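# Results of the structural survey
Here's the letter readout for the chains.
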Amino acid sequence: ADVTIEGATLTLAASCADVGDSLGVAGAGVPPGASSRLRWILPDGGRLSAGRVRPAEDGTFATTVDVRPMLADVGTPLRLELEVARPVGRLLPSEPLRITLSRLVETILMALMAATIGAVLALPLAFLGARNLMPRSLPGNALYYGARTFMNLARAIEPLILAVVFAAWVGVGSPFGGILALVIVTMANLGKLFSEAVENIDPGPMEALQATGATRIQVIRFAVVPQIVPPFLAFGIYFWDIDVRMSTILGFVGAGGIGFILNEWMRLTRWSWAAVAILGIVIVVTAMDTISARVRARLV
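Because the structure is predicted, anything quoted here is derived from the model rather than measured. (Residues numbered from 1 in each chain as written. Predicted model: local features only at pLDDT ≥ 70, side-chain atom pairs only at ≥ 80, totals over all residues. Heavy atoms only, no water.)

Here the focus is a nonpolar patch on the surface. Together, Val-105, Leu-109 and Leu-112 line one region of the surface with nonpolar side chains, adding up to about 240 Å² of accessible area. Tracing the backbone through its elements, the reader meets Val-105 in helix H1 (residues 95-128). (Patch = residues over 30% accessible without salt bridge, like charges linked within 9 Å, V, L, I, M, F, W, Y side chains within 5 Å. Areas by Shrake-Rupley, 256 points an atom, 1.4 Å probe, with all protein chains shown as cover. Salt bridge = Lys/Arg side-chain N within 4 Å of Asp/Glu carboxyl O. Helix = DSSP H or I, 4+ residues; strand = E, 2+ residues; numbered from the N terminus.)

Set out below in structure tokens:
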């Protein structure tokens with residue numbers, strides 16, 4: 001059949017073909033020098049590349065496309081698409097680039113919210129799970145072992161499992177499900193790191209304040225907190241970096257962010273769009289790793 005759109009005409013040599021045949025395709029009215037490619041349109045909306053074409057100076061081209069065996073299992077008639085891309089006017093970001101940038105910002109903000117909330121919730125766990133701060137009495141031991149058990153159990157659950165549960169709860173594709181999963185993972189891991197930092201502080205200031213009759217709250221405020229602020233900030237920034245990378249993977253199970261749209265593009269075989277998302281992930285992760293390393297070095 002002949003199809004004409006905005007002056008460009010695509011003509012097929014036959015309306016049907018068997019697997020393994022070569023189908024002749026001709027076109028006219030294509031802007032010379034334009035980047036053109038042929039693609040099969042699958043019933044689910046996906047695209048399968050059928051090759052590139054190079055139009056002549058008069059805007060015509062003639063080529064053949066192979067009917068691949070995988071197209072025989074589709075079960076419904078297929079359409080052949082001619083994609084023509086040529087620069088018009090000023091340089092603008094492409095649609096996959098715009099979507100990728102917006103999803104990357106969403107991913108970074110997801111990780112920032114999870115790291116911030118998780119760090120705040122990890123603070124009480126850190127003090128309750130520090131052996132040098134909890135009294136060796138029945139209530140003190142109960143709080144200490146309770147905090148340690150909770151952190152160990154939360155760290156034992158895979159983030160992907162949490163993301164699947166929360167995505168089913170709040171809706172597939174919603175970033176809120178990913179934030180909830182990251183908050184639990186961040187809280188448990190930071191709680192363990194914070195508590196170990198508290199246990200490794202210099203006991204001298206604590207003993208000096210206790211000798212003067214200071215209360216436990218005063219000891220924690222004036223002897224413990226000043227020693228743990230730098231490692232706490234360093235660990236928090238470090239887990240923001242980790243949460244950015246982790247949120248990319250959680251998106252594959254419907255937890256939002258760049259991973260969710262990357263999974264959709266791969267499922268629809270939009271490989272060039274997926275490549276833009278992967279490149280964006282690499283750039284963001286590299287930048288986050290470099291920035292967080294420098295900030296941690298200054299803090300510690």
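Before going further, it helps to examine the environment of Ile-281. The topology assignment puts Ile-281 in helix H8 (residues 271-299). Every residue in contact with Ile-281, bar those within four places of it in the chain, is listed here: Leu-104, Thr-248, Ile-258 and Leu-262. (Contact = heavy atoms within 4.5 Å.)

Another point: empty space enclosed by the protein. Left-over empty space is what a probe sized like a water molecule reveals as it rolls over the atoms. Tallied over the entire structure, the rule returns one cavity of 30 Å³ or more. Empty space within the largest cavity amounts to approximately 30 Å³. Taken together, Leu-133, Met-206, Gln-210, Arg-216, Val-219 and Ile-220 make up the full set of residues lining the largest cavity. If you list the elements that add at least two residues to the lining of the largest cavity, you get helix H5 (203-211) and helix H6 (216-250). At three residues, the largest contribution of residues to the lining of the largest cavity is made by H6. (1 Å grid on protein atoms, 1.4 Å probe; cavity = no way out; pocket = protein on both sides within 12 Å on 5 of 7 lines; lining within 4 Å. Points joined across faces, edges and corners; volume = space filled by probe spheres on them.)

Let us now look at the pairing of strand E4 (residues 35-41). Most of E4 sits inside the fold, with five of its seven residues counted as buried. Taken together, the six bridges between E4 and strand E5 (residues 47-53) define a ladder with antiparallel strand orientation. Within the sheet, the bridge partner assigned to Trp-40 lies in E5 and is Leu-48. (Buried < 20%, exposed > 50% of the residue type's maximum accessible area, 1.4 Å probe, protein only. Pairing = 2+ DSSP bridges.)

Here we take up H1. In a regular helix each residue adds 1.5 Å, so 34 residues correspond to 50 Å; H1 covers 50 Å between its end C-alpha atoms and thus fits that length. Residue Ala-122 marks the point of greatest curvature in H1, where the axis turns by about 30 degrees; the proline Pro-124 follows within four residues. (Expected span 1.5 Å × (residues − 1). Bend = angle between axes of the 7 residues up to and from the residue.)

Moving on to the packing of aromatic side chains. Scanning the model with the defined rule gives six aromatic pairs in all. Both rings, one in Phe-194 and one in Phe-232, keep their centres 3.9 Å apart while their planes meet at 15 degrees; by these two values the pair is stacked. Of the two residues, Phe-194 sits in helix H4 (residues 175-199) while Phe-232 sits in helix H6, which places them 38 residues apart along the sequence. Across the pair, exposure class does not vary: Phe-194 and Phe-232 are buried alike. Measuring from centroid to centroid gives 6.0 Å for Tyr-238 and Phe-239, while their planes differ by 85 degrees, and the two rings are edge-to-face. Its relative accessible area of 6% is what places Phe-239 among the buried residues. If you follow Arg-131 out to its NZ or CZ, it ends over the ring of Tyr-144, 4.3 Å from the centre. (Phe/Tyr/Trp six-rings, centres within 6.5 Å; stacked < 30°, edge-to-face > 60°. Lys NZ or Arg CZ within 6 Å of the ring centre and 35° of its normal.)

Attention shifts here to the sheet that holds strand E7 (residues 79-85). Reading across the sheet, the three strands line up as E5-E4-E7 and stay open at both edges, with antiparallel pairing between neighbours. In the strand order of this sheet, the two ends are held by E5 and E7, each with one partner. Each adjacent strand pair in this sheet contributes to an overall mean axis angle of 30 degrees, direction not counted. (Axes fitted to C-alpha atoms, helices over the stretch in contact; angles between N-to-C directions.)

Let us look at the confidence of the model for the protein chain. Here the protein chain shows a mean pLDDT of 82. Residues at 70 or above account for 92%. When the elements of the protein chain are averaged for pLDDT, strand E1 (residues 2-5) gives the smallest value, 40, and H1 the largest, 90. Note on residues 1-5: pLDDT under 50 across the span, and nine contacts to partners over four residues away in sequence or across chains. (pLDDT = per-residue confidence, 0-100.)

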